[in-house]
Amino acid sequence: MSEAIPLNPDNYTIWHFRRLILESLNADLHDELDFVEQIAISNSKNYQTWHHRWWLAEKLGPVATSKELEFTKKILSLDAKKLSCLWVLVALGGWEHELNYCQKLLKDDIFNNSAWNQRLIGWKQNISTTYKQNMDSANENQIPAWIMVHQETGFRSCEIF
């Protein structure tokens, strides 16, 4: 499998079978992240590679967050408009760091559509999480939850500069 992917990284079937094999062998997914990193660097516009990396991020959970954010920065330093690499961060959460990173990308290039899209996703996730966290206390105090979200976030995540 490791030999077939570099020859044709666009082949979804190969990636699918690789995931099945990794699960059945209970393989070390951190090693797999390193393998996928090499493929992604040489073929960064390949959706199958990013889908596989997303799968790894979901399996590894928050443990992979800092490594994934660093890898995303590395890929985006090569081309700041690769939306695909930002998808993986969706699986990991950590929206506060992601929003800050999107803000940095937008400061560098205000026309970066990938950063705008990811920022919107992160902002919605951040508001949704804050809303859910405040629902209980809002019900106890009879205060509409959206007011508590506004008070807590102060729409500071909407700031660009």
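Residues numbered from 1 in each chain as written. Predicted model: local features only at pLDDT ≥ 70, side-chain atom pairs only at ≥ 80, totals over all residues. Heavy atoms only, no water.

By the naming in an unreviewed UniProt entry, the protein chain is Protein farnesyltransferase/geranylgeranyltransferase type-1 subunit alpha, taken from Dillenia turbinata. Per UniProt, the protein chain has the following entry under Sequence similarities (unreviewed entry): "Belongs to the protein prenyltransferase subunit alpha family." Heading Cofactor (unreviewed entry) of the UniProt record for the protein chain holds this comment: "Mg(2+)". (UniProt positions renumbered as here; feature names shortened; annotations may be inferred.)

A. Representation of the overall build of the protein chain in the model. Helix and strand counts for the protein chain stand at 9 helices and 0 strands. Going from N to C terminus, the protein chain has its helices and strands arranged as α-α-α-α-α-α-α-α-α. With 161 residues in all, the protein chain has 40% of them scored as buried. Long-range contacts, defined as pairs at least 24 residues apart, comprise 61% of the intrachain contacts of the protein chain with a sequence gap of at least 6. (Helix = DSSP H or I, 4+ residues; strand = E, 2+ residues; numbered from the N terminus. Buried < 20%, exposed > 50% of the residue type's maximum accessible area, 1.4 Å probe, protein only. Contact = heavy atoms within 4.5 Å.)

B. Inspection of the packing of aromatic side chains at higher detail. Scanning all chains against the criterion turns up 1 aromatic pair. Their ring planes at 40° and their centres at 5.8 Å tell us that tryptophan 50 and phenylalanine 71 sit as a pair that is tilted. In this pair, tryptophan 50 is assigned in helix 4 (residues 47–60) and phenylalanine 71 in helix 5 (residues 65–78), connecting sequence segments 21 residues apart. On the basis of relative accessibility, which here comes to 3%, the residue phenylalanine 71 falls in the buried class. Lying across the ring of phenylalanine 35, arginine 18 places its NZ or CZ 4.1 Å from the centre. (Phe/Tyr/Trp six-rings, centres within 6.5 Å; stacked < 30°, edge-to-face > 60°. Lys NZ or Arg CZ within 6 Å of the ring centre and 35° of its normal.)

C. Just the nonpolar core, in detail. Judged by nonpolar contacts, the single largest core of 13 residues is most densely connected at Ile5, Trp15, Leu29, Phe35 and Leu56. No other element matches the 5 residues that helix 3 (residues 29–42) contributes to this core. In this structure, leucine 56 is in contact with Leu29, Glu32, Leu33 and Val36, ignoring residues within four places of it in sequence. By size, the runner-up hydrophobic cluster in this structure holds 6 residues, among which are Leu76, Tyr101, Leu105 and Ala115. (Core = buried A, V, L, I, M, F, W, Y, C linked by side-chain atoms within 4.5 Å.)

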